[in-house]
Amino acid sequence: MRLPGVAVAVDVDNLLISTARAGHGWRGFSLKAGFENMFAWINTFGSIFCVYLYQPLSQCVPNDKVFHELWEKYKNEFVFEVIYCPKKISPETGKLIDNVDEHLIFHTERMVDSWGPKVQYFCLESGDRGYSPFLWNTIKRKHHLEIALVVGSKSSFSKVYQQVSPTALHPQTGKELIHYFLPKEK
């Protein structure tokens, strides 16, 4: 029996910074291992349908090799795409600012209609509370998808999410679908 589909959206900067700040640092850090561990966790409750990685252009060179390796490995199993998010001009300051959140939300809102019944879970990889209206209004209420979260650390896991518990429960274990990104080889 095929497990329900899981759509994954990753705020790469948020995930990497919060993981490094959690005390893991960059020593022994393996982005590839972090994703492999996360994919293994997701596969315990669903079948990955697509993975979209959102990152600012400033991060494209450091991560490209790893993302290409992951794409090569998984391209025949699920959609795996990196979406580079150009900076926008701040109306207040006139300076260029990152807007990964805006890209992730806009793209996901457009994609969620095309997933249809193929996807039962939406997995957001970010503990940023700025996504909470999007998760509640678009993902949960409008599209009736179950929510899973991947965060870099306990401290990066927004108090909003901790208090409200928006995540679904694991179908076998009954535990909340929350995973801590593990950037080290097991």
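In what follows, the accompanying structure is described. (Residues numbered from 1 in each chain as written. Predicted model: local features only at pLDDT ≥ 70, side-chain atom pairs only at ≥ 80, totals over all residues. Heavy atoms only, no water.)

### Things to note about helix α2 (residues 31–42)
Moving on, step 1. The terminal C-alpha atoms of α2 lie 17 Å apart, and with twelve residues this matches the ideal 16 Å at 1.5 Å per residue to within 8%.
Moving on, step 2. The buried count for α2 comes to ten of twelve residues, which makes it a mostly enclosed element.
Moving on, step 3. Those residues of α2 that sit buried are Leu31, Ala33, Gly34, Phe35, Glu36, Asn37, Met38, Phe39, Trp41 and Ile42. (Helix = DSSP H or I, 4+ residues; strand = E, 2+ residues; numbered from the N terminus. Expected span 1.5 Å × (residues − 1). Buried < 20%, exposed > 50% of the residue type's maximum accessible area, 1.4 Å probe, protein only.)

### Section: the sheet that holds strand β7 (residues 146–151)
Neighbouring strands of a sheet are bound in pairs by backbone hydrogen bonds; such pairs are parallel or else antiparallel.
Moving on, step 1. With parallel pairing, six strands are arranged side by side in an open sheet as β3-β2-β1-β6-β7-β8. Because the sheet does not close on itself, it has two edges, and the strands there are β3 (79–85) and β8 (178–180). The sheet shows a mean angle of 15° between the axes of neighbouring strands, direction not considered.
Moving on, step 2. In this structure, strand β1 (residues 5–11) lies alongside strand β2 (residues 47–56), joined through seven bridges in parallel fashion. By the bridge assignment, Ala9 is partnered in β2 with Tyr52.
Moving on, step 3. The sheet contacts of helix α5 (residues 132–142) involve β6 (121–125) and β7, and relative to β7 the element is tilted by about 145°. (Pairing = 2+ DSSP bridges. Axes fitted to C-alpha atoms, helices over the stretch in contact; angles between N-to-C directions. Contact = heavy atoms within 4.5 Å.)

### Let's talk about unusual backbone geometry
A negative phi holds for most residues other than glycine; trans holds for most peptide bonds.
Moving on, step 1. Of note in this structure, His144 is not a glycine but carries a positive phi near 55°.
Moving on, step 2. Relative to the elements of secondary structure, His144 occurs in the loop between α5 and β7.
Moving on, step 3. Overall, His144 belongs to the exposed group, its relative accessible area being 62%.

### Looking at the environment of His107
Moving on, step 1. Within the fold, His107 resides in helix α4 (residues 100–115).
Moving on, step 2. In contact with His107, other than residues within four places in its own chain, are Tyr52, Tyr54 and Ile83.

### Quick word on α4
Note on helix geometry: an α-helix contains 3.6 residues per turn, so any two residues three or four positions apart are oriented the same way.
Moving on, step 1. With 16 residues, α4 should cover 22 Å at 1.5 Å per step; its first-to-last C-alpha distance of 22 Å lies within 8% of that length.
Moving on, step 2. Its axis deflected by about 25° at Glu109, α4 carries its strongest bend there.
Moving on, step 3. Considered for burial, the residues of α4 that qualify are Val100, Leu104, Thr108, Val112 and Trp115.
Moving on, step 4. Against β1, β2, β3, β6 and α5 lie the buried residues of α4. (Bend = angle between axes of the 7 residues up to and from the residue.)

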